[in-house]
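Descriptive structure summary
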Amino acid sequence: MSQPSYYVHPSAIIDSDVQIGEGSKIWHFAHVLPGSRIGARCVLGQNTMVGPNVSLGDGCKLQNNVALYNGVTLEDDVFCGPSCVFTNVLTPRAFVERKNEFGPTLVKRGATIGANATIVCGHTIGAYAMIGAGAVVTKDVPDYALVVGNPARRIGWVSRTGERLGPDLVCPRTGERYAERDGNLFPLQSK
């Protein structure tokens, strides 16, 4: 019998019917529920929970105490800060069954969600967006947007590498250039 190409800490629980990609690491007291797919090179920190039927792309990082419930999809290279929260029902009641009302949440490639942020279900977080620590996301977030507060509002733009962009819309780390059109940010092609 061959060794798995990923690491699972002995205290973690991996249910049946789970896919885990090569090079992923699942740490202390994590739980991956049935039907979930963990991409390659992902890191699930202590006390994380994924599933059931949740999909993580390649290269995702869940810091400690993050729970991804049914209805959440992370594309490649998404970062979830410590104790950030995803909901999957808009009007929960302990005594009312609402499993047929789960709202989908899509977090697109390269997005970052800060520590203790809350993502209300039914929304999309755009590619390379940055959600500030403690923010409460109650609507869709555009690609490359920097949002903070409760409710979260856009206060600027960030580059693909997460650097805050100034008025020139040039990444101070890489020199990549961006353009703003109709309230959205777009990368410009290099020459």
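These lines cover the structure that appears in this document, whether it is placed above or below. (Residues numbered from 1 in each chain as written. Predicted model: local features only at pLDDT ≥ 70, side-chain atom pairs only at ≥ 80, totals over all residues. Heavy atoms only, no water.)

This brings us to the nonpolar core. In this structure, Leu 56, Leu 68, Leu 74, Phe 86, Ile 113 and Ile 131 are the most contacted members of the largest nonpolar core, which totals 44 residues. In contact with Leu 74, not counting residues within four places along its chain, are Ser 55, Leu 56, Gly 57, Cys 60, Leu 62, Leu 68, Cys 80, Phe 86 and Val 107. (Core = buried A, V, L, I, M, F, W, Y, C linked by side-chain atoms within 4.5 Å. Buried < 20%, exposed > 50% of the residue type's maximum accessible area, 1.4 Å probe, protein only. Contact = heavy atoms within 4.5 Å.)

Okay, the side chain of Arg 98 next. Structurally, Arg 98 is set in the loop between strand 14 (85-86) and strand 15 (105-107). In contact with Arg 98, not counting residues within four places along its chain, are Val 89, Thr 91, Pro 92 and Arg 93. (Helix = DSSP H or I, 4+ residues; strand = E, 2+ residues; numbered from the N terminus.)

The two faces of a sheet get side chains in turn, since along a regular strand they alternate between them. Bridging between strand 23 (residues 178-181) and strand 24 (residues 184-187) involves four bridges; their strand directions are antiparallel. Along strand 24, the bridge assignment pairs Ala 179 with Phe 186. Linking strand 23 to strand 24, which pair antiparallel, is a turn of two residues; within it Asp 182 sits at a positive phi near 50°. (Pairing = 2+ DSSP bridges.)

All quantities given are derived from atomic positions and should not be read as evidence of function.
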